[in-house]
Amino acid sequence: MSNRANWHQDTRAIHAGQSPDPTTGAIMTPVYLTSTYVQKSPGEHTGYEYSRTGNPTRTAMEGCLASLEGADHGLGFASGCAAASTVMHLFKAGDHLVCGDDLYGGTFRLFDAVWARHDMAYSFVDLSDGQKLREAVQENTRAVWVESPSNPLLKLADIRGLAQVCRELGLLLIVDNTFMSPCFQKPLELGADIVLHSTTKYIGGHSDVVGGFLGTSDDTLHEQLRYLQNAVGSIPGPLDCFLTLRGMKTLPIRMERHDTNAMAVARFLEGHAGVERVLYPGLESHPQHALAQEQASGFGGIVTFIIRGGLPGARAFMENTEVFACAESLGGVESLADHPAIMTHAAIPVAQREKLGIVDGLIRLSVGIEHVDDLLADLESALETARAATA
Ligand SMILES: *Cc1c(COP(=O)(O)O)cnc(C)c1O
């Protein structure tokens, strides 16, 4: 027990936050389907009183992911958006945040259409350029919100550099680490104050559960967030926590395969005549390849590319893959293809989308852990169909 903190990540993914069930010895943390807990005497309890406030299955999941992120504290949420919204409750009307300009569509909608109605102000800027942060900061700026790599354009932000500026200006730095997972990138070690996950993606990893997570090593911040988690009530249920916990046990080996498959897919697409451009941080052609190597230990499973033939080309491709399923979401064991302009990023106004470069031929692949030869053959065949359809 005493050396747990020193265990390697692969070992912690399986054991952290968990111990055999004290009453039966069950090796897997039970799904505690209970809303309340019997007290010996009023106020004399085991640490659990009511399941919005705490549930043992959730505690195990929170502890395991916190350990992987190198966070002193972790909190589970009903979804990534619920986690994001809970962070926003730290702020008050009149406050301002500086955010990356190609945030996940649902996060953008939450800020732009929901929290903006409560007088919260946002500037969406290209945080791959650190200077842009200083220019965007106002007197009422409280925090910086960034995804690295971003979605779907896979632009990187220099997290360490942003953290330095945030510390200097007294701003909180919140990093959405969904795309990298703690296996490849640890934002808190790079200086972020809060790390956020949509555990729906790589952490759960099997496309069977929606969830969110916040991690921090700042005790005061944790107390505020824990208070909000309970007060707002956007918690995950025990079965959700169990599925997420189970998924996490294989996170390190899944990430390895996602990474090698994605690299092979990126290289294949880069060499294909039907492809205009490939965006993947692992490619030497990625403008921030050096930064990717410096702040992350892997490049992840998401590959974005622009197909020749615009929308008709993209449509023909998406309709003709067999292994890659046309679906939103990412990070599961199965490969998915997404058309951001029509699917995940439709909530972003057209003008903004075009300015960002989310064009009609842009396709985002979530490369799964199937055999790489089947993935490449599937891409080859769908690209050929798309070429024939638009020739
Ligand atoms: C999916 C996603 C979210 C939102 O999470 P949900 O679990 O769908 O609410 C936030 N950020 C990123 C980067 C995502 O991919």
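Residues numbered from 1 in each chain as written. Predicted model: local features only at pLDDT ≥ 70, side-chain atom pairs only at ≥ 80, totals over all residues. Heavy atoms only, no water.

Examining the site of the ligand
And then number 1: The ligand sits among 13 residues. The nearest are Cys81, Asp176, Ser198, Thr200 and Lys201.
And then number 2: A distance of 2.7 Å is found between an oxygen atom of the ligand and a side-chain nitrogen or oxygen belonging to Thr200.
And then number 3: Considering the ligand on its own, with 380 Å² of exposed area, one finds that the protein chains cover 92% of that surface.
And then number 4: In terms of residue class, the shell around the ligand is built from three nonpolar, seven polar and three charged. (Near = heavy atom within 4 Å. Polar contact = N/O pair within 3.5 Å; in protein donor to acceptor, adjacent residues only side chain to side chain. Areas by Shrake-Rupley, 256 points an atom, 1.4 Å probe, with all protein chains shown as cover. Nonpolar A, V, L, I, M, F, W, Y, C, P; charged D, E, K, R; others polar.)

Focus on the domain arrangement of the protein chain
And then number 1: Segmentation of the protein chain into domains returns domain 1 (4-248) and domain 2 (251-390).
And then number 2: Domain 1 and domain 2 are separated by 26 Å when their C-alpha centres are compared.
And then number 3: Each side of the interface is counted separately: domain 1 has 40 residues, and domain 2 has 44 residues.
And then number 4: Of the roughly 3300 Å² buried between domain 1 and domain 2, counting both surfaces, carbon and sulfur atoms make up 63%. (Domains from an automatic or database assignment. Contact = heavy atoms within 4.5 Å. Buried area = accessible area lost by both parts, 1.4 Å probe.)

Here's the deal with the sheet that holds strand S9 (residues 302-307)
The strands making up a sheet are joined through hydrogen bonds of the backbone, oriented either antiparallel or parallel.
And then number 1: Spatially, the five strands line up as an open sheet ordered S8-S9-S12-S11-S10, and their pairing is mixed. The sheet is open, and its two borders are formed by strand S8 (275-279) and strand S10 (325-326), each paired with just one other strand.
And then number 2: Relative to strand S12 (residues 362-366), strand S11 (residues 336-338) is paired through three bridges, and the arrangement is antiparallel. If you follow Ala337 over to S12, its bridge partner there is Leu365.
And then number 3: Sheet strands touched by helix H12 (residues 310-319): S9, S10, S11 and S12. Its angle to S9, the strand with the most contacts, is close to 130°. (Pairing = 2+ DSSP bridges. Helix = DSSP H or I, 4+ residues; strand = E, 2+ residues; numbered from the N terminus. Axes fitted to C-alpha atoms, helices over the stretch in contact; angles between N-to-C directions.)

Focus: empty space enclosed by the protein
And then number 1: All chains considered together, the criterion is met by three cavities of 30 Å³ or more.
And then number 2: Estimated volume of the largest cavity: approximately 80 Å³.
And then number 3: Every residue lining the largest cavity is counted, 14 residues in all, and those nearest its centre are Gly100, Asp102, Val146, Glu147 and Ser150.
And then number 4: Grouping the constituent residues of the lining of the largest cavity by class yields six nonpolar, three polar and five charged. (1 Å grid on protein atoms, 1.4 Å probe; cavity = no way out; pocket = protein on both sides within 12 Å on 5 of 7 lines; lining within 4 Å. Points joined across faces, edges and corners; volume = space filled by probe spheres on them.)

Topic: the pattern of salt bridges
And then number 1: On inspection of all chains with the given rule, the structure shows 12 salt bridges.
And then number 2: Between Arg142 and Asp95 there is a salt bridge; the shortest N-O distance is 3.2 Å. Here Arg142 is found in strand S4 (residues 141-147), whereas its partner Asp95 is found in the loop between helix H3 (80-88) and strand S2 (96-100), with 47 residues between them in sequence.
And then number 3: The class of Asp95 is buried, set by a relative accessible area of 4%.
And then number 4: Beyond isolated ion pairs, a larger network of salt bridges with shared partners links Lys92, Asp95 and Arg142. (Salt bridge = Lys/Arg side-chain N within 4 Å of Asp/Glu carboxyl O. Buried < 20%, exposed > 50% of the residue type's maximum accessible area, 1.4 Å probe, protein only.)

Observations concerning the layout of surface pockets
And then number 1: In this model, the largest pocket occupies a volume close to 290 Å³.
And then number 2: Looking at the largest pocket, it is lined by 14 residues, and the ones nearest its centre are Ser19, Pro22, Thr29, Tyr32 and Pro56.
And then number 3: Taken together, the residues of the lining of the largest pocket break down into eight nonpolar, five polar and one charged.

Remarks on the environment of Leu330
And then number 1: Along the chain, Leu330 turns up in the loop between S10 and S11.
And then number 2: Separated by 73 residues in sequence, Leu330 and Arg257 place their C-alpha atoms 15 Å apart.
And then number 3: Aside from chain neighbours lying at most four places away, what touches Leu330 is Phe179, Thr200, Lys201, Tyr202, Ile302, Leu336, Arg364 and Ser366.

Here we look at the pairing of strand S1 (residues 73-77)
And then number 1: For S1, a buried count of five out of five residues is recorded, marking the element as mostly surrounded by other parts of the structure.
And then number 2: Burial along S1 is two-sided: the face carrying His73, Leu75 and Phe77 and the face carrying Gly74 and Gly76 are both buried.
And then number 3: With five bridges connecting them, S1 and strand S7 (residues 212-216) associate as antiparallel partners. When the bridges of S7 are listed, His73 appears paired with Thr216.

Quick look at the sheet that holds strand S5 (residues 172-176)
And then number 1: Overall, mixed pairing links the seven strands, which are arranged S1-S7-S6-S5-S4-S2-S3 in an open sheet. Every other strand in the sheet has two partners, leaving S1 and strand S3 (121-125) as the edge strands with one partner each. On average, each strand axis in the sheet is tilted by 20° relative to the strand beside it, whichever way the strands run.
And then number 2: Relative to the sheet, H3 contacts S1, S2, S3, S4, S5, strand S6 (194-198) and S7, its axis offset from that of S6 by approximately 150°.

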